[in-house]
Amino acid sequence: MALLVASILLHVVAFNWAEGRLGMPAWPRQKDTVMTTELLPPPAPPAPPPQVAASKPKPKKAKPRRTTPPPAPPVVNAAPSPSALTQPAPEVVEAPPQTSDAPAEAASAGTGPSETASMPQQVSPVPPVSYQFNPPPSAELTYDVKVLREGQTWYGSGMYRWEATPDSYTATIEAGVTVLFRITVLNLQSEGRINHLGLAPVLYSEKPWRKAVTNTHFQHENHKISFSASEAVYPYHGGEQDRASVIWQLAGIGRGDVSQFYPGATFDLFVAGPRDAETWHFAVVGAEDLESANGKLGTWHVRRLPKPGSYDRAIDIWFAPQQEWYPVKVRETYRNGDYYDLSLAKAEPVAAH
């Protein structure tokens, strides 16, 4: 072993010497290697491909509507040319809604700044018209009542009481039918003054069956009409009526001058009810003979038609000139055909209070 170790050492020495002298490659020396590790964040996921925004189709430009210029204003009392009778009528193009404040200004016409906000339903009444007027003499009129309601017919009685002095009046209307007990179908009262325009109501009261009474006030000095059953306010100019006075206003016009009644004659009266008011359009249908409890009577038939689309009732009145223009027959008809009918049975004069 000693010889073996000595032999190995001699070989090592010989190789080292030869490395320096003969240029032989030396044995590679083992070097300490230091490994450095750098922790890097995980690679970011690849960015998605850019989305290509879908191009929206360009809105088509609306083609301007072809409008036809408005026709020239007609020439008064000029005969139309023959060519105008054969040419087609021009196309009518509806104009867009107006946004001006004209309606609001018109609604507040005739009122002060402080009143405008308190008039939610203000409507200008028809201009006052002065008629020849002569009120009928005071009387109490008794009527036979017939009511058609939902296919059933009932009968009863009614009363018109009319009291007039040279400068004031009171009108009361009451009517009812009997089923198992009496049901009131009308209960109205009007009182006021008489002036150059005829009747000028001050207070109108209405008492529906099983409901509270309502009052309508005609404030002459304040120039407005107000209601206990609503907040509506209307301007008062004179000549306005209520639902109890209007029938006597027409009778007074007939008595004032019978020539004011003829077939086709019209009377536009602004009439207030328990909650609001509107213009009632009356038209004279014509002269008619009417069978009554006192025989055949010559009458003037007057009709009030409600506005198209309205649920209000139509009213037909027959005035008898031979009986002081009292209303000898009154019928109110609803849209569904129901009605109540009052036919004069007796007229008695009364003293006005």
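Please read these numbers as outputs of a predicted model, since none were measured by experiment.

### Re the packing of aromatic side chains
- A full pass over the atoms with the stated rule returns 16 aromatic pairs.
- Residues Tyr-143 and Tyr-160 carry aromatic rings whose centres are separated by 4.8 Å and whose planes lie at 55° to one another, so their mutual orientation is tilted. Here Tyr-160 lies in strand S2 (residues 152–164) and Tyr-143 lies in strand S1 (residues 139–149), a separation of 17 residues in the sequence.
- You can call Tyr-143 buried: its relative accessible area is 0%.
- In this structure an aromatic cluster arises from ring pairing among Tyr-131, Phe-261, Phe-267, Trp-300, Phe-319 and Trp-325.
- The ring of Trp-318 carries the charged tip of Lys-329 above its face, separated from the ring centre by 5.9 Å.
- Over the ring of Tyr-339 we find Arg-331; its NZ or CZ atom is 4.1 Å from the centre of that ring.

### Some words on the nonpolar core
- Judged by nonpolar contacts, the single largest core of 62 residues is most densely connected at Tyr-160, Trp-248 and Phe-282.
- Not counting residues up to four positions away in its chain, the partners in contact with Phe-282 are Val-246, Leu-250, Ala-265, Thr-266, Phe-267, Leu-269, Val-302, Arg-303, Arg-304 and Ile-317.

### Things to note about the side chain of Ser-205
- Tracing the chain through its elements places Ser-205 in strand S5 (residues 198–206).
- On the basis of relative accessible area, Ser-205 is assigned to the buried category, the value being 17%.
- Of the polar contacts made by the side chain of Ser-205, one reaches the side chain of Asn-215; its length is 2.8 Å.
- Apart from residues lying up to four places away in sequence, Ser-205 is in contact with Asn-187, Leu-188, Gln-189, Val-213, Thr-214 and Asn-215.

### A look at a nonpolar patch on the surface
- A cluster of nonpolar side chains, namely Val-179, Leu-180, Phe-181 and Trp-209, defines an oily patch on the protein surface of about 450 Å² accessible area.
- Locating Phe-181 in the fold gives a position in the loop between strand S3 (168–178) and strand S4 (182–195).
- Classification of Phe-181 by relative accessible area gives partly exposed; the value is 49%.

Thresholds, definitions, all that
- Residues numbered from 1 in each chain as written.
- Predicted model: local features only at pLDDT ≥ 70, side-chain atom pairs only at ≥ 80, totals over all residues.
- Heavy atoms only, no water.
- Phe/Tyr/Trp six-rings, centres within 6.5 Å; stacked < 30°, edge-to-face > 60°.
- Helix = DSSP H or I, 4+ residues; strand = E, 2+ residues; numbered from the N terminus.
- Buried < 20%, exposed > 50% of the residue type's maximum accessible area, 1.4 Å probe, protein only.
- Lys NZ or Arg CZ within 6 Å of the ring centre and 35° of its normal.
- Core = buried A, V, L, I, M, F, W, Y, C linked by side-chain atoms within 4.5 Å.
- Contact = heavy atoms within 4.5 Å.
- Polar contact = N/O pair within 3.5 Å; in protein donor to acceptor, adjacent residues only side chain to side chain.
- Patch = residues over 30% accessible without salt bridge, like charges linked within 9 Å, V, L, I, M, F, W, Y side chains within 5 Å.
- Areas by Shrake-Rupley, 256 points an atom, 1.4 Å probe, with all protein chains shown as cover.
- Salt bridge = Lys/Arg side-chain N within 4 Å of Asp/Glu carboxyl O.

Remember that the coordinates give geometry; whether it matters functionally is a separate question.
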